[in-house]
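Now for the letters of each chain:
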Amino acid sequence: VYYIPEEQQLAAAYYRNTITHYFLAAALGEIALAGCVDDIALPDEAGLRQRVEALRDLFKFEFFFRPREEVWQQVLDELAGRYPHWQDGKTSLHKQLRQRPPRFGHAILRSIAEAYHVTAATLCSLEGEPISDEKAFTRDLLDQGQEMLLRRQISGASAISRDLFSTGLRLAEHRQLLSGGASDLVSRRTLFAEETRRIMTAIDLLQECSDSERQQD
């Protein structure tokens, strides 16, 4: 069992993100594909790109992204190499993900997504109440994260991190989720929570497909 002391988590996050950059395009593509699994219509480039752009916007305070067109082309190249038939409709996306299990989406972005999910859930619990003390709210996030871990609403303690909550708060502030009109604040916080929940569902599917391969081995 490995444990990173809280005072070393910032340094650990730096090295984690440096390594993650090499696999980020593949991870975004995998999560976007998993998010398309239950769609009625066949997946296409326009729909997939919309999902990738949403993921890029969600994680923009975690990574230094290359220009949009370059990132999109990298995603397409990664998917063409591992899931060349993702949009032809001959084989379901779920089956393709099980036949060639994902490698990166669930592995490198889960803790960030879970930290954002904790942030969104905590904001929703406050309804329309503004955040006036971010330090106090961060303590609330740490407590809420522990509770969600015990309830198995998140999968790992790595998501309960001041560093990740800090960037989650930057994102929330950027999206004007910390203060504003009460009724509008509730609706925007709800949309944020729904977004993080959808991404968690996609990541869980990737994990399921990855685990199924290990069980067969």
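Residues numbered from 1 in each chain as written. Predicted model: local features only at pLDDT ≥ 70, side-chain atom pairs only at ≥ 80, totals over all residues. Heavy atoms only, no water.

Tracing the backbone shows G89 in the loop between α4 (68-82) and α5 (93-99). Between the C-alpha atoms of G89 and A41, which are 48 residues apart in sequence, the distance is 9.6 Å. (Helix = DSSP H or I, 4+ residues; strand = E, 2+ residues; numbered from the N terminus.)

This paragraph deals with the packing of helix α6 (residues 105-125) against helix α8 (residues 162-174). The axes of two packed helices give the description: the angle between them and the distance between them. Two elements in contact, α6 and α8, have axes whose closest approach is 9 Å; the angle formed by their N-to-C orientations is 55 degrees. When the axes of α6 and α8 are compared, the pair comes out oblique. The handedness of the crossing between α6 and α8 is right-handed. Residue-level contacts link S111, I112, A115, Y116, V118, T119 and L123 of α6 to L164, F165, T167, G168, L171 and A172 of α8. (Axes fitted to C-alpha atoms, helices over the stretch in contact; angles between N-to-C directions. Parallel < 35°, antiparallel > 145°, perpendicular 65-115°, else oblique. Left-handed = near helix turned anticlockwise from the far one by under 90°. Contact = heavy atoms within 4.5 Å.)

Okay, unusual backbone geometry next. Unusually for a residue other than glycine, E127 sits at a positive phi of about 55 degrees. By relative accessible area, which is 55% here, E127 ends up exposed. (Buried < 20%, exposed > 50% of the residue type's maximum accessible area, 1.4 Å probe, protein only.)

Tracing the backbone through its elements, the reader meets R110 in helix α6. Here R110 falls in the buried class, since its relative accessible area comes to 11%. Excluding its chain neighbours within four sequence positions, the residues that come into contact with R110 are G105, S155, M200, I203, D204 and Q207.

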